[in-house]
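Reading the structure
Chain by chain, the residues:
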Amino acid sequence: MTISPLITLNDGHSIPQLGLGTWPLDDRQVATAVVHALEAGYRHIDTAVKYGNEEGVGNGIRASGIDRGELFITTKLDGEFQGQDRAVAGLEGSLSRLGLDYVDLLLIHWPLPGRDEFVSTWKTFERLQAEGKARSIGVSNFKPAHLERLLAETDVVPAVNQIQLSPAVTRTADREFDSRHGIVTESYSPLGGSGASLLQAPILTQLGEKYGKTPAQVVLRWHIEQGLVVIPKSANSERMRQNLEVFDFALSPQDLAELADLDEGPGAGNDSDRTGH
Ligand SMILES: NC(=O)c1ccc[n+]([C@@H]2O[C@H](COP(=O)([O-])OP(=O)(O)OC[C@H]3O[C@@H](n4cnc5c(N)ncnc54)[C@H](OP(=O)(O)O)[C@@H]3O)[C@@H](O)[C@H]2O)c1
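Residues numbered from 1 in each chain as written. Predicted model: local features only at pLDDT ≥ 70, side-chain atom pairs only at ≥ 80, totals over all residues. Heavy atoms only, no water.

**Description of the overall build of the protein chain**
- The secondary structure content of the protein chain amounts to 10 helices and 10 strands.
- Here the C-alpha atoms of the protein chain give a radius of gyration of 18 Å, agreeing with the 19 Å that 2.2 N^0.38 yields for 277 residues.
- Counting every atom, the protein chain has about 11500 Å² of accessible surface; 48% of that belongs to carbon and sulfur. (Helix = DSSP H or I, 4+ residues; strand = E, 2+ residues; numbered from the N terminus. Rg over C-alpha atoms; globule rule 2.2 N^0.38 Å. Areas by Shrake-Rupley, 256 points an atom, 1.4 Å probe, with all protein chains shown as cover.)

Here's what the structure looks like:
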């Protein structure tokens, strides 16, 4: 059984580098997916209030029989829970649906700069972390300008920034900013997202043939080699296992140079100044 390596966060906690994404699975589907993932060796599960499947994640965890201490569970609070009191209530709701006493990582799902509440939300996250209800705290979809405000106006540097990232959407400037400030970048939609054409790129098939791997495994290896945390979603237990088998080969500098051709440029991907919930 493959177990993902760990990455140490700026608060001293560790996160398994590869975890399971769970959007858009419903409670029933996700409970089965979590059981299969934990059987396969996954120890890190990514959910969010907005996915509406935290109860199913909790059911899957309990059905697996795996000790809570071995698991890394992330949830995210969306705009409805921005602001001091709402963030406290938001995490309480998540913990109750998950059936857990704490989450390993609590994220602000989107900055929603138009609401201008992410700084006060973050101050509440700092308190929730001090109370032990969230071991690590972080953000999602934050651009450097949003992070600059947190760094200037609050005390705790986010441990993680979860952003849309793949060989097609490389977000180099965002990653450089995160790394300069000790923030681990986590890739969502790492395979390009559901329905994306990324996995059809001929270079991925060629490199897959070279290493005896699938296009998805080549893409996931690309993330791993750049020190990114990565959370591919699959509801299929065979693809789930496949996605974990990416720690036994390495891409060469020449491979990486060829993969760079997949980059769609700085404007690719979503823009969190314009989207989000
Ligand atoms: N923070 C945010 O705002 C945000 C936004 C979006 C997503 N996320 C998180 O990131 C996770 C992953 O992102 P995502 O679900 O958008 O996209 P993704 O993981 O890049 O792609 C998922 C798609 O790829 C397919 N797939 C998985 N493994 C495969 C393989 N080995 N070969 C071929 N196809 C494969 C899946 O189908 P099957 O299930 O049929 O295998 C699904 O259609 C989400 O589930 C969620 O937890 C966060």
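**As for the site of the ligand**
- Taken together, the neighbourhood of the ligand is formed by 28 residues, with Asp46, Leu191, Lys233, Ser234 and Arg239 sitting nearest.
- Here an oxygen atom of the ligand and a side-chain polar atom of Lys233 are 2.7 Å apart.
- Contact between the ligand and Ala235: an oxygen atom at 2.9 Å from a main-chain N or O atom of the residue.
- Here the ligand loses 85% of its free accessible area of 910 Å² to cover by the protein chains.
- It is helix H9 (residues 237–244) that contributes the most residues to the shell around the ligand, three residues altogether.
- Of the residues that constitute the shell around the ligand, the class distribution is 11 nonpolar, 13 polar and four charged. (Near = heavy atom within 4 Å. Polar contact = N/O pair within 3.5 Å; in protein donor to acceptor, adjacent residues only side chain to side chain. Nonpolar A, V, L, I, M, F, W, Y, C, P; charged D, E, K, R; others polar.)

**Focus on the pattern of salt bridges**
- Under the criterion given, the structure shown has 16 salt bridges.
- Of the charged contacts in the structure, one is a salt bridge between Asp46 and Lys76, with a shortest N-O distance of 2.6 Å. Here the residue Asp46 occupies a position in strand E4 (residues 44–46), and Lys76 occupies one in strand E5 (residues 72–77), the gap between them amounting to 30 residues.
- On the accessibility criterion, Asp46 (2% relative accessible area) is buried.
- Assessed through its relative accessible area of 0%, Lys76 is described here as buried. (Salt bridge = Lys/Arg side-chain N within 4 Å of Asp/Glu carboxyl O. Buried < 20%, exposed > 50% of the residue type's maximum accessible area, 1.4 Å probe, protein only.)

**Some points on the confidence of the model for the protein chain**
- Of the residues in the protein chain, 100% reach a pLDDT of 70 or more, and the chain-wide mean stands at 97.
- The secondary-structure element of the protein chain with the lowest mean pLDDT is helix H3 (residues 84–98), recorded at 96, while strand E9 (residues 184–188) shows the highest, at 99. (pLDDT = per-residue confidence, 0-100.)

**Some remarks on the pairing of strand E8 (residues 160–164)**
- Within E8, five of the five residues are buried, which leaves it mostly tucked inside the rest of the structure.
- Here E8 shows no split at all, with Val160, Gln162 and Gln164 on one side and Asn161 and Ile163 on the other all buried.
- Of the crossover connections in this fold, the one passing from strand E7 (residues 134–140) over helix H5 (residues 144–153) to the parallel E8 is right-handed.
- Handedness of the crossover is the feature at issue here: the chain leaves E8, passes through helix H6 (residues 172–180), returns alongside E9, and the resulting connection is right-handed. (Right-handed = clockwise from strand over helix to strand, strands pointing away.)

**Some points on the pairing of E9**
- E9 sits mainly inside the fold: five of its five residues count as buried.
- Residues of E9 alternate between two faces, with Val184, Glu186 and Tyr188 on one and Thr185 and Ser187 on the opposite face, all of them buried.
- Bridge count for E8 against E9 is five bridges, and the pairing is parallel. Residue pairing for E9: Val160 is matched across the bridge by Val184.
- In the sheet, E9 pairs with strand E10 (residues 229–230) via two bridges, with the strands oriented parallel. Bridge pairing links Ser187 to Val230 in E10. (Pairing = 2+ DSSP bridges.)

**Points about the sheet that holds strand E3 (residues 20–21)**
- In space, the eight strands of this open sheet follow the order E3-E4-E5-E6-E7-E8-E9-E10, with parallel pairing throughout. Every interior strand has two partners, whereas the edge strands, E3 and E10, have only one.
- Looking at chain direction, E7 and E8 are connected through two bridges and run parallel. For Ser140, the partnering residue across the bridge sits in E8 and is Gln162.
- Its contacts with the sheet place H3 against E5 and strand E6 (103–108), and it is angled at close to 140 degrees to E5. (Contact = heavy atoms within 4.5 Å. Axes fitted to C-alpha atoms, helices over the stretch in contact; angles between N-to-C directions.)

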